[in-house]
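# Observations on the three-dimensional arrangement
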Amino acid sequence: MSYYRAAVCAALCFFSASVPAFGQDVTLSSPDGAIEVSGDLLGFDGEFYRVETQFGELTVDGSGVRCDGPGCPSLSDFVAEITLSGSSTMAEVLLPALIEGFALRNGFQTAREQLDPRQFEYTLSREGHVVGRFTFHVSNTDEGFADVLANQADIVMALREIREAEHLLASEAGLGDMSLSNRGRVLALDAMVPVVAPSNPVRRISLPQLADIYAGKITNWQELGGADAPISAHLPVAGAGLAQAVEDKLLSPAGLTLAKTIRRHDRGSTLVRTVATDPFAIGIASFAETGQTRMLTLTGTCGFSLSAARRSIKTEDYPLTAPMFLYLPAHRLPRIARDFLTYVRGPAAQIVIRRAGFVDQAPEYIPMRMQGERLSNAIKSAGDDIPLGELKRMISGLDGLQRLTTSFRFEAGSSRPDAQSRNNIDLIARELEAGVYDGKRMVFVGFSDGEGPAEGNRAIALKRAESVRRAVERAAETANLDRITIETAAYGEALPIACDDSAWGRQANRRVEVWVR
């Protein structure tokens, strides 16, 4: 009892007493009645109460208190309620598939009910008893963050990273640092792909050209080798994560803004249907949702070309990758929600993600014999800075190894890993802890862009490789690293995957790969 009293008193002292009192609809009291906490019940997860009191928000272990008042939940008939809000792409296909997989794996029965055009729910039950309810608000990334900030949702479904303003608002609202990797989790991988009608003769487009189209600087297909006809450009609605990712990743690096003539669509499926039937239209769609359209290959002035494919998206070799995030505020979720979040990071969920048409995160091996196009590009781009001897050194160093699809890239103008790479650090760390690489040799290999002297680029690439290696080793807290041979190497600009003539290409070339034997 003394421990319980000390914990409650410490919690009360922690919060400021200047917070105004709220309507009291529950009272939590210790078994002997000596300690009482009253206030608005914000949540109950089957184990802990979350109460807004005059002293601030408190979380109290339900096993040591009695609850009195009209707001008290029924302990015997408790049903976990989880609300998700945000991206329609994630809500309509991906999350339902994962809930069905989670239910099948854990012996739950599921029932789906459409509540209105923008809201549905999944009920999970076992032996006729309802144990959990997942409610989906189908909207866009902006609305998802707004719902969580307003305490109307528990999880955000987002097609972009949290923005600085949202991060600050979340911190001020007591939701914690939602930019941390355990708060912003990559659920699956996607990409922004330029799509046209099958009858459109244009097959390739450069990133600068694509940016110029959406900025209104290129307006006729003739400028791209097509027909003499005006270009009709399409995007999702302004609040959609995919549309915002287009601004962040495509236009902003070029110092451009979206043209006012862009046609907007509230659903990705509507966008691709419109583009598929208009020979003069172009859209930017989700890789998982291209319908009857045809994807354009991205190319550059140096002759390199990149197509969106599962493997190029997983490695981030394709420059317009768009991870799908689940953002979680610093609130304790019900156990069934925590179990679901654990499931979606596991190997069984990766199979479901892949079958649903999205790109999973399960690491795959790419043998040296499948590196032909990249090696060909390396030979074509070799020059005074990259002599034949350097290429031989690289081939000898990587001989006998296989590349993992898990790569690491960095935020523009920074040595900080980007959002997907921060997630990849945790992914590799979990595999190290599980012993997946015991007895193997793992090499973190740094590459750079071609700006500046080759020797300096190799040094920078090595520092990045060492930084990623240290981050992975720190995250793998329970791994026995003595069972693994972990090394670093760097080959600078010797193996480019994109042209260095644009910010996009240079950022793609600055990377750390993982090679294993």
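See the structure above.
Now for a quick tour of the structure. Predicted, not measured: the structure shown is a model, and the values here were computed from it.

How each quantity is defined
Residues numbered from 1 in each chain as written. Predicted model: local features only at pLDDT ≥ 70, side-chain atom pairs only at ≥ 80, totals over all residues. Heavy atoms only, no water. Phe/Tyr/Trp six-rings, centres within 6.5 Å; stacked < 30°, edge-to-face > 60°. Buried < 20%, exposed > 50% of the residue type's maximum accessible area, 1.4 Å probe, protein only. Lys NZ or Arg CZ within 6 Å of the ring centre and 35° of its normal. Helix = DSSP H or I, 4+ residues; strand = E, 2+ residues; numbered from the N terminus. Arc of directions from axis to C-beta. Salt bridge = Lys/Arg side-chain N within 4 Å of Asp/Glu carboxyl O. Pairing = 2+ DSSP bridges.

Here we take up the packing of aromatic side chains. With the rule as written, the count across this model stands at 12 aromatic pairs. On the numbers, 5.9 Å between centres and 40° between planes, the contact of Phe-102 with Phe-108 is tilted. Note on accessibility: Phe-102 and Phe-108 belong to one class, buried. Here a set of aromatic residues connected by ring pairs shows up, and it is made of Phe-102, Phe-108, Phe-134, Phe-340 and Tyr-343. Taking the ring centre of Phe-120 as reference, the NZ or CZ of Arg-112 above it sits at 3.8 Å. Above the face of the Phe-410 ring, Arg-464 is positioned so that its terminal group lies 5.1 Å from the ring centre.

Those residues of helix α12 (residues 388-398) that fall on the buried side of the exposure criterion are Glu-390, Leu-391, Met-394 and Leu-398. Buried residues along α12 cover an arc of 100° about the axis, so they all sit on one side. The exposed residues of α12 that point more than 90 degrees off its buried face are Leu-388, Lys-392 and Ser-396.

A separate point is the pattern of salt bridges. Proximity of charged atoms lets side chains of opposite charge pair with each other. Tallied over the full model, the rule gives 29 salt bridges. The closest approach of N and O atoms between Glu-47 and Arg-332, which form a salt bridge, is 3.4 Å. Highlighted residues: Glu-47 in the loop between β2 (36-44) and β3 (48-53) and Arg-332 in the loop between β20 (324-327) and α9 (335-343), separated in sequence by 285 residues. Here Arg-354 and Glu-364 are joined by a salt bridge, their closest N and O atoms 4.0 Å apart. Here Glu-364 lies in the loop between α10 (347-355) and β21 (365-367) and Arg-354 lies in helix α10, a separation of 10 residues in the sequence.

Taken across its 8 residues, strand β8 (residues 119-126) has 6 buried, putting it largely inside the fold. Of the strand pairs in this sheet, strand β7 (residues 109-116) and β8 are connected by 7 bridges, and their pairing is antiparallel. By the bridge assignment, Thr-110 is partnered in β8 with Leu-124. Direction of pairing for β8 relative to strand β9 (residues 129-139): antiparallel, over a ladder of 8 bridges.

Don't take any of this as a statement about function, it's just geometry.
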